[in-house]
Amino acid sequence: MTDPKEGFIVIIGSGLIGRSWAMVFASGGFRVKLYDIIQEQVTAALEDIRKQMDELAKAGMLRGSLSADQQISLISGSSDLKTALEGTIFIQECVPENLELKLKIFSDLDAHVNNTAIISSSTSCLSPAKMFNGLRHVKNCIVAHPVNPPYYVPLVELVPHPQTDPVTVEKTYHLMKKIGQSPVKLMKETDGFVLNRLQYAVISEAWRLVQDGVITPRDVDIVMSEGLGMRYAFLGPLETAHLNAEGFKSYCERYGEGIQRVLNTFGPVPNFSGDVAKKIDEALWDDQPDKSNQLKTRREWRDACLSHLAKLKKEMKKE
Ligand code: NAI
C-alpha cells in the first residue's frame, strides 16, 4: 500500500470509466475516493467494484500485489464534493462527455481544490484549451485520456493545456507508471488526440473497402485481428516498418513510392451513414434473436482476451 501521507486520489463520476480508474489506482496501492452526484450511483459502483475484483482474483487476473479485500478497502465513496476533496493529491474527472457539464465541474473543483493537487480529465475528445481556460489552477490541469477498459488496456494519452506546468505533466506521467499504465505525452493538443486519429484512419479505409465491394465487413475485421493486430499488440507501425527492412530509412527507400501510390487512391472521408452503415451493421450481428446477449458475450470475451494479452505482454517484457 502507498504511504497514507501520499493523500487521496479522487474520482469524479462513478460510471464505466470512473469505476475502472478506481480499480486501477487501488491496484497500485492508492487510497481512492469515488465521488458522484447520486449517492445510489456511488453505492452501486462500490458493489460492482467488489464483485469485479472478487471475480478477477478468482480468475488470477487481479492487478497489483494486494489482495482483492485489501484493494477494496482502499476505495471509499462520497456524494459530497468538499469532503471528497479533503487531502487529495490527484483528481480524475470521469463525468459524461459534455463540455458544459465538464466546465461546471472544473469550476467547482477550481474553487475547492488545494494548490498542489492535479486536476485530470478522462475526456475522449474535448479540447483541454476549452475545458481548462481561465481556471485559477490551470497550471495543474491536464487530460489523461484512458482507453476502454482501462483495467486491461494500459495506454493513457496525456494532453496539456498551453498553460499546464511541465511539472504537472511529469507528475502525472510518473503516477500513471506507478499504477501500471502506459502513458504517452502529447506535446500539444490536436483534435482527436493520437489514438483516435489513428483509429479513425483505419475505420475510414475499412469503410471505403466495404463500400467499394473489395471485401466483406467480417473479412476486413479478420485482416486486422489475424494480420496487422498480431504485430500491433507488440510493435507500433513505425517500428514494424523499421524491422521489415534494414531500418526505417531503408523501408522508405524500398516501399515509399508504392505507399504513396496506394495512398493516392484513398477516397474522400466517408459520411458514416446510409447503405454502407446498414451493410456493416447487419454483417456484425449474428443470427441469434437476443441481440443484447451477443454484445454482452462478446464484450466479456474481449475483456478476457485483453486480460490474457496484458499478462503475455508483461511476460514478454521480462525476456
Ligand atoms: P458514464 O455515463 O458511464 O459515467 C458518468 C458518471 O458521471 C455517472 O456515474 C454519472 O452519475 C456521473 N455524473 C454525472 N454528472 C455528474 C456530476 N455533476 N458530478 C459528479 N458525477 C456526475 O460515462 P463514462 O463512459 O464512464 O465516460 C466518462 C468520461 O470518460 C467521458 O468524458 C468519456 O468521454 C471518457 N471516456 C470514455 C470511454 C468509454 O469507452 N466509455 C473511453 C475513454 C474515455
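Going by the structure above, here's the rest.
My aim in this report is to walk through the structure given alongside it, one point at a time.

The rules behind each value
- Within every chain, residues take consecutive numbers counted from 1 along the sequence as written.
- Per-residue local features of the predicted model are confined to residues with pLDDT of at least 70, and side-chain atom pairs are confined, for both listing and counting, to 80 or more; whole-chain, interface and lining totals are unaffected and use all residues.
- The basis for the side-chain values is all heavy atoms of the structure; hydrogens and waters are excluded.
- In DSSP terms, a helix is any run of H or I states spanning at least four residues, a strand is any run of E spanning at least two, and both are numbered starting from the N terminus.
- Atoms considered for the radius of gyration are the C-alpha atoms alone. The globule rule reads 2.2 Å times the number of residues to the power 0.38.
- The rule is simple: take the accessible area with a 1.4 Å probe, protein chains only, and divide by the maximum for that residue type; under 20% is buried, over 50% is exposed, in between is partly exposed.
- Only heavy atoms matter for contacts: two residues are in contact if any of them lie within 4.5 Å across the pair.
- In these tables, accessible area is a Shrake-Rupley quantity obtained with a 1.4 Å probe, and a residue counts as shielded only by the protein chains included in the view.
- By the counting rule applied here, Lys and Arg register as positive and Asp and Glu as negative, while His and the ends of each chain are not counted.
- Positions of charges follow a simple convention, taking NZ of Lys, CZ of Arg, CG of Asp or CD of Glu.
- Counted as salt bridges are all cases of a side-chain nitrogen of Lys or Arg within 4 Å of a carboxyl oxygen of Asp or Glu.
- Being near a molecule or strand, for a residue, comes down to having at least one heavy atom within 4 Å of it.
- Any N or O atom pair separated by 3.5 Å or less is treated as a polar contact, with the protein-specific requirement of one donor-capable and one acceptor-capable atom, and with residues adjacent in sequence counted only for side-chain atom pairs.

Turning next to the overall build of the chain. From N to C terminus, the chain includes 13 helices and eight strands. Radius of gyration (C-alpha) of the chain: 22 Å, near the 20 Å computed for a compact globule of 319 residues. Taken along the three principal axes of its C-alpha coordinates, the chain extends 60 × 45 × 45 Å. When each of the 319 residues of the chain is scored for burial, the buried share is 39%. Counting only contacts in the chain whose residues sit at least 6 apart along the sequence, the fraction spanning at least 24 positions is 67%. When the accessible area of the chain is evaluated, it comes to approximately 18400 Å², of which 57% is carbon and sulfur surface. For the chain, the separation between the mean place of its 38 positive charges and that of its 40 negative charges on side chains is 4 Å.

The subject of this paragraph is the pattern of salt bridges. Across all of its chains, the model carries nine salt bridges by this definition. Where Glu-300 meets Lys-296, a salt bridge forms, and the shortest distance between an N and an O atom there is 3.1 Å. Of this pair, Glu-300 and Lys-296 both sit in helix α13 (residues 291-318), four residues apart, which is roughly one turn of the helix. Salt bridges sharing common partners tie together Glu-93, Glu-97 and Lys-102.

The subject of this paragraph is the site of the ligand. In the vicinity of the ligand there are 24 residues, among which Asp-36, Gln-41, Glu-97, Lys-102 and Ser-124 approach most closely. Here an oxygen atom of the ligand sits 3.3 Å away from a polar atom, N or O, in the main chain of Val-95. Between Lys-102 and the ligand, the recorded distance is 2.5 Å, taken from a side-chain N or O atom to an oxygen atom. Burial of the ligand by the protein amounts to 78% of the accessible area it has alone, namely 840 Å².

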